[in-house]
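# Residue-level structure breakdown
Single-letter residue listing:
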Amino acid sequence: MTQGSKASDVRYRQLDELFSTIAEKNNWSGNILILEEGNPFYQNAIGMANLATAEKLSPESVFDLASVSKAFTAMGVMILQERGKLDYTDKVESFFPHFPYADITVENLLVHTSGLPDYMELFSQYWDKTQIATNQDIVDQLIKHQPSTLFQPNEKYEYSNTGYALLASIIEQVANTPFADFLQQQIFQPLDMQHTKVYNRRYSPERIPHYAYGYVYSADSEAWILPDESSELDFVIYLDGIQGDGAVSSTLDDLRKWDRALYTEKLVKKETLDRAFSPVQLTDNSLSYYGYGWRIREDEATGKVVHHSGSWPGYRSWLRRYTQTDKTIIYLTNVEQEREWTEKVLEAIESILFERTYITP
């Protein structure tokens, strides 16, 4: 679609109106890219990347993806599985000596059916907050404190950051390579994602050009601050060394490359991807609609959707792929907004894309 025909497209004008309205009324700050058949249909960058230096957001801005990172971790496992280095049925206990939980498989971790307790609560309770934790510390804490599992493996679905941090450690062990390097060599470089990396900014700080800092609102100072300055959000510092459940940073265009690659066999075979984008059967024969690093939605109006959201203090991210109509929403923000509100924004974008009436939240 050319620039002229874009402007005459009602949807383009509606999207523009939506974003200018929420930027003005809700202090929305972020980057948005909408693809149709792989082509950028709508793109915008609104707000500030760095309040201290007054740098504005640009299409090149680098955002922390939070849990949208899980799809990359899952892809790492899929690559190793295809190469025969591990199997989805491998028991997690076989990778970690003295691991106190039996019969949890790699696949249970991928699809959140492990029943493992949340590591954040464990660290909130027992961890020395002056230290920055890493993935090995999660394994050590599970072995040391042995908190009860929430249910038997595959009994039900419960979202688990613990599972994805363990997957990163399994990748590291099986590939005999640091997790960050493995993703770099096996995913980011082959796809020419030059501005994407695993980045723990407090644990191993470095200067990243166009880095978008995430801000939260402080009622005390009536200002937007870094979460590092809030005592209630101290976990952003002491959990900063953990990877796998989050910690990938990226840009709009790199995520476009990622989206396109998932329609091809550049990284893994079609059968592998089909399995990743399929629901799983639980013990009681019901289906859970979370595949390998992706949520799945079967929708009559839009066709199949594979998507994931990410949330960490200062950031909300969303990658939503309408695989039957080949439309994609890439949504990255660096100002804390309520999850429910963000979901309403996504609903409005989707309604506009599919030419339905929409409500500006």
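Notes on the structure follow. (Residues numbered from 1 in each chain as written. Predicted model: local features only at pLDDT ≥ 70, side-chain atom pairs only at ≥ 80, totals over all residues. Heavy atoms only, no water.)

What follows covers the overall build of the protein. Secondary structure summary: the protein contains 12 helices and 15 strands in total. Relative to its length of 361 residues, the protein is compact, with a C-alpha radius of gyration of 20 Å against a globular reference of 21 Å. Its C-alpha atoms give the protein principal-axis dimensions of about 60 × 50 × 35 Å. Considering the protein as a whole, with its 361 residues, one finds that 55% of them fall into the buried category. Sequence-distant contacts, at least 24 apart, represent 66% of the contacts inside the protein between residues at least 6 apart. Of the roughly 15,900 Å² of accessible surface on the protein, a fraction of 45% belongs to carbon and sulfur atoms. (Helix = DSSP H or I, 4+ residues; strand = E, 2+ residues; numbered from the N terminus. Rg over C-alpha atoms; globule rule 2.2 N^0.38 Å. Buried < 20%, exposed > 50% of the residue type's maximum accessible area, 1.4 Å probe, protein only. Contact = heavy atoms within 4.5 Å. Areas by Shrake-Rupley, 256 points an atom, 1.4 Å probe, with all protein chains shown as cover.)

Here we come to the pairing of strand E14 (residues 315-322). Summarising burial for E14: 8 of the 8 residues are buried, a large majority. A two-sided burial pattern is seen for E14, the buried positions comprising Tyr 315, Ser 317, Leu 319 and Arg 321 on one face and Arg 316, Trp 318, Arg 320 and Tyr 322 on the other. Strand direction decides the pairing type here: strand E13 (residues 305-312) and E14, joined by 8 bridges, are antiparallel. The partner of Gly 310 across the bridge, within E14, is Ser 317. The antiparallel pairing of E13 with E14 creates a hairpin that spans 2 residues between the two strands, and Gly 314 there sits at a positive phi of about 100 degrees. Pairing of E14 with strand E15 (residues 327-333) involves 7 bridges; the strand directions are antiparallel. The residue of E15 that forms the bridge with Ser 317 is Leu 332. Here E14 folds back onto E15, and the loop between the two strands holds 4 residues, one of which, Asp 326, carries a positive phi near 50 degrees. (Pairing = 2+ DSSP bridges.)

Moving on, we come to the packing of aromatic side chains. Considering all chains together, one arrives at 20 aromatic pairs under this definition. Geometrically, the ring pair formed by Tyr 199 and Tyr 211 is edge-to-face, given 5.5 Å between the ring centres and 85 degrees between the ring planes. On the criterion of sequence distance, the pair formed by Tyr 199 in the loop between strand E6 (197-198) and strand E7 (216-218) and Tyr 211 in the loop between E6 and E7 is long-range, its members being 12 residues apart. This pair shows no difference in class: Tyr 199 is buried, exactly as Tyr 211 is. Ring geometry for Phe 235 and Trp 312: centres 5.3 Å apart, planes at 75 degrees, overall edge-to-face. Within this pair, whereas Phe 235 is found in helix H9 (residues 235-238), its partner Trp 312 is found in strand E13, the two being separated by 77 residues in sequence. Exposure remark for Phe 235: the relative accessible area of 17% places this residue in the buried category. Judged by relative accessible area, which is 22%, Trp 312 ranks as partly exposed. Above the ring of Phe 41, the side-chain terminus of Arg 11 is found at 4.6 Å from the ring centroid. (Phe/Tyr/Trp six-rings, centres within 6.5 Å; stacked < 30°, edge-to-face > 60°. Lys NZ or Arg CZ within 6 Å of the ring centre and 35° of its normal.)

Here the focus is the sheet that holds strand E5 (residues 63-64). Sheet architecture is open: 3 strands sit in the order E5-E9-E6, paired in antiparallel fashion. Bordering the open sheet on either side are E5 and E6, each of which pairs with just one other strand.

Running from amino to carboxyl end, helix H2 (residues 10-26) crosses helix H12 (residues 339-353) at an angle of 165 degrees, the nearest separation of the two axes being 9 Å. Classed by the angle they form, the pair H2 and H12 counts as roughly antiparallel. H12 is crossed by H2, and the crossing has right-handed handedness. Where H2 approaches H12, its residues Arg 11, Gln 14, Leu 15, Leu 18, Phe 19, Ile 22 and Asn 26 are matched on the opposing element by Trp 341, Val 345, Ala 348, Ile 349, Ile 352 and Leu 353. Taken together, the residues of the contact of H2 with H12 break down into 10 nonpolar, 2 polar and 1 charged. (Axes fitted to C-alpha atoms, helices over the stretch in contact; angles between N-to-C directions. Parallel < 35°, antiparallel > 145°, perpendicular 65-115°, else oblique. Left-handed = near helix turned anticlockwise from the far one by under 90°. Nonpolar A, V, L, I, M, F, W, Y, C, P; charged D, E, K, R; others polar.)

Inspection of every chain in the model, using the stated rule, returns 20 salt bridges. The partner of Glu 107 in a salt bridge is Arg 275, and the shortest N-O contact between them spans 3.1 Å. Of this pair, Glu 107 sits in helix H4 (residues 106-110) while Arg 275 sits in helix H11 (residues 270-276), and the two are 168 residues apart along the sequence. Under the relative-accessibility criterion, Arg 275 is labelled partly exposed at 40%. The salt bridge involving Asp 299 is made with Arg 297; its shortest N-O contact spans 3.1 Å. (Salt bridge = Lys/Arg side-chain N within 4 Å of Asp/Glu carboxyl O.)

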